[in-house]
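Architecture at a glance
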Amino acid sequence: IDGVDRDQLFKAVREGLKNEDVRARGSYSSIYNKLSYEELKPLMPSIYRAIAVPSPSGIMFADQIRMAGLELFAKHGISEGIELTADYAKNMKQHASEKRIIKVMELLKSYGAHGQRVIPMLEDAIDYFDNKEKSFPRKLGQFKSKTVSEAIKEIKASKERPKLRSIKSLL
């Protein structure tokens, strides 16, 4: 992306992150780690929406763009990523969620004690995995529940408060 006009690049990424096909939308995450935080700021509202609002088409690849955004938010200490990550823990696509939940909880734990504010959301996810998740193997649901429960313990015990940035004014 060296030498690419930033205005045109940002316009293309903003539009691409609206694509209804998740595979097409997901291809835009490749630039996340090629730009500095300052360069990413104009794209943050679009990245936020790509995490918060799943694409209506292509569920098989739905995790790619959402996870890339959550990873980016955690990397840059974006405060709004805490709620997005907790929500995603419960509402991610089921296929391979027992593997993905580990990474999701690692992202959430990277926020340290700030993650305490979403403990009720995580407890709701545990209840969902234990009692309400349909069409998913019980043993794998219990594994997700245990993983989230262990993360809650670590988050409750955390004293670390990394510096956070808010993108609220950009949304």
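Here, the structure is the one placed above.
These figures come from a predicted structure and were not determined experimentally. (Residues numbered from 1 in each chain as written. Predicted model: local features only at pLDDT ≥ 70, side-chain atom pairs only at ≥ 80, totals over all residues. Heavy atoms only, no water.)

What follows deals with the environment of Glu 106. Within the fold, Glu 106 resides in helix H7 (residues 97-109). Residue classification places Glu 106 among the partly exposed positions, given a relative accessible area of 44%. For the pair Glu 106 and Ala 74, spaced 32 residues apart in sequence, the C-alpha to C-alpha distance is 9.7 Å. (Helix = DSSP H or I, 4+ residues; strand = E, 2+ residues; numbered from the N terminus. Buried < 20%, exposed > 50% of the residue type's maximum accessible area, 1.4 Å probe, protein only.)

Right, let's get into helix H9 (residues 138-157). Owing to its 3.6 residues per turn, the α-helix brings residues three or four apart onto one side. The first and last C-alpha atoms of H9 sit 29 Å apart over 20 residues, in line with the 28 Å expected at 1.5 Å per residue. Buried within H9 are the following residues: Gly 141, Lys 144, Ser 145, Thr 147, Val 148, Ala 151, Ile 152 and Ile 155. Looking down the long axis of H9, one finds its buried residues gathered within 160° of arc, a one-sided arrangement. In H9, the exposed residues that point more than 90 degrees away from the buried face are Lys 139, Lys 146, Lys 153 and Ala 157. Looking at the buried side of H9, the elements it contacts are H7 and helix H8 (119-132). (Expected span 1.5 Å × (residues − 1). Arc of directions from axis to C-beta. Contact = heavy atoms within 4.5 Å.)

Attention now moves to the pattern of salt bridges. Evaluation of the coordinates by the stated rule reveals 12 salt bridges. Between Glu 39 and Arg 6 there is a salt bridge, with its nearest N and O atoms 3.0 Å apart. Of the two residues, Glu 39 is situated in helix H3 (residues 37-40) and Arg 6 in helix H1 (residues 6-16); the sequence distance between them amounts to 33 residues. Overall, the relative accessible area of 25% leaves Glu 39 in the partly exposed class. Classification of Arg 6 as partly exposed rests on a relative accessible area of 26%. Connected through salt bridges with shared partners, the residues Asp 63, Lys 93 and Arg 100 form a single ionic network. (Salt bridge = Lys/Arg side-chain N within 4 Å of Asp/Glu carboxyl O.)

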